[in-house]
Each structure stands twice: as C-alpha cells, then as structure tokens.
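# Overview (structure and organization)
This is what each chain is made of:
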Amino acid sequence: MEFSDLIKENSVPIGLIKESEGYQDGPRWVYGQTTHYLLEAAVFHLTTEDIKQYDGGSYTTKDIKLYIIEDFTAVNKETGQEEEISIEKEEEIIFRGDHYSLEEFQDQTINSDFYEFVAKRVVIDD
C-alpha cells in the first residue's frame, strides 16, 4: 500500500538534531558534532487509544507520532543542502518549539512506503 501522497499532504516541517559520537585522538578527546536538519513529517498527538498500545513507556497525550515517507531527504540547516539521512532512536526532534526524543520506531516499508515513530516530549530546563 502506498501512503506517501497522504503523508505528504499532511506533512509539516520539523527539526531534527543529530549528534555524532566523539572519539579519542591519541591523548586528546574530540567531541562529536551537532547537525541541525529540517524535514517533513505528518505529526499527530498520541490519543488515549495510542497510549494503551505502547507497553513499557510512560506516554501522554503531549507525546507525538510521526509518519515519514520512505526515501526522504532533509535540509542541513548549516549548509542549506538537501541530504539523505537516517533517523535513529533517541535522536531529538523539534516540533512547534517543543523538544521530543524518538522512542519507538516501526519500519512500515515492508508492506507500505513510510516509517512510523513515537516521540516523547522532553522538558528543557533553561
């Protein structure tokens, strides 16, 4: 089944923050880099029915579910270039000014053409 057109119609821009691992270079520690991306996703707040489906998580209706089409690209905010990237669990996204941690991932590309994520809202202390 193809859902990419439906997902595209309902997509909004979201931010994605990717952090690369640091590494030891002789006696010196080299910190990883932080890269900010902008990509399109269909975003929905979790419903009470959604919350019942996810075991082990303490999800609330402030958490979100994201649908992203297969073969997506993202814009690197520093360079302005479109890039093919992957999205990993525990990476951070920004939606409407709120920060979320990607907690659940389901690859729906076996039978369809999209990825599904559940993201938990993170409270940022200033």
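The structure reproduced in this document is the subject of the present report. What you see is a predicted model; the values in this text were computed from it and never measured. Each chain carries its own residue numbering, running from 1 in the direction its sequence is written. Residues qualify for local features only when their pLDDT is at least 70, as the model is predicted, and side-chain atom pairs are given and counted only at 80 or more; totals for whole chains, interfaces and linings, by contrast, use all residues. The basis for every side-chain value is the complete set of non-hydrogen atoms in the structure, without hydrogens or water.

### Some words on the overall build of the chain
We count it as follows: The helix and strand labels rest on DSSP assignments: H or I over at least four residues marks a helix, E over at least two residues marks a strand, and numbering proceeds from the N terminus. Three labels apply to residues, based on accessible area from a 1.4 Å probe with only protein chains included: buried if under 20% of the type maximum, exposed if over 50%, partly exposed otherwise in between. Whether two residues are in contact is decided by their heavy atoms, any of which lying within 4.5 Å being enough. Residue-level accessible areas treat just the shown protein chains as cover; the underlying method is Shrake-Rupley with a 1.4 Å probe.
Looking only at helices and strands, one finds 2 helices and 10 strands in the chain. Starting at the N terminus and walking to the C terminus, you meet the elements of the chain as α-β-β-β-β-α-β-β-β-β-β-β. Over its C-alpha atoms, taken along the principal directions, the chain stretches across nearly 50 × 30 × 30 Å. A total of 126 residues make up the chain; the buried ones form 36% of that total. Put simply, 53% of the contacts in the chain that link residues at least 6 apart link residues at least 24 apart. Split by element, the accessible area of the chain, about 8,500 Å² in all, is 46% carbon and sulfur.

### Details of the nonpolar core
We count it as follows: Side-chain atoms within 4.5 Å link the members of a nonpolar core, which is a set of buried Ala, Val, Leu, Ile, Met, Phe, Trp, Tyr and Cys residues.
Counting residues in hydrophobic clusters, the biggest one holds 25 residues, and the most contacted among them are Ile14, Ile64, Leu66, Ile87 and Ile93. Excluding residues that lie within four positions of it along the chain, isoleucine 14 makes contacts with Tyr37, Leu38, Leu39, Ala41, Val43, Leu66, Ile93, Ile94 and Phe95.

### Description of the pattern of salt bridges
Any two side chains of opposite charge can pair, on the condition that their charged atoms come close. In plain terms, the rule: By convention in these notes, a salt bridge is any Lys or Arg side-chain nitrogen within 4 Å of a carboxyl oxygen on Asp or Glu.
Taken as a whole and assessed by the stated rule, the structure comprises 5 salt bridges. Where arginine 28 meets aspartate 25, a salt bridge forms, and the shortest distance between an N and an O atom there is 3.4 Å. With relative accessibility at 48%, the residue arginine 28 sits in the partly exposed group. For arginine 121, the salt bridge identified is with aspartate 98, shortest N-O distance 3.4 Å.

### What about the environment of lysine 62?
Tracing the backbone shows lysine 62 in the loop between helix 2 (48-53) and strand 5 (64-69). Among all residues touching lysine 62, those that are not within four sequence positions of it are His45, Tyr100 and Arg121.

### Quick word on unusual backbone geometry
The backbone of glutamate 90 shows a phi angle near 75°, a positive value even though the residue is not glycine. Of note, arginine 96 is a non-glycine position whose phi angle comes to about 50°, a positive value. Along the polypeptide, arginine 96 turns up in the loop between strand 8 (92-95) and strand 9 (98-107).

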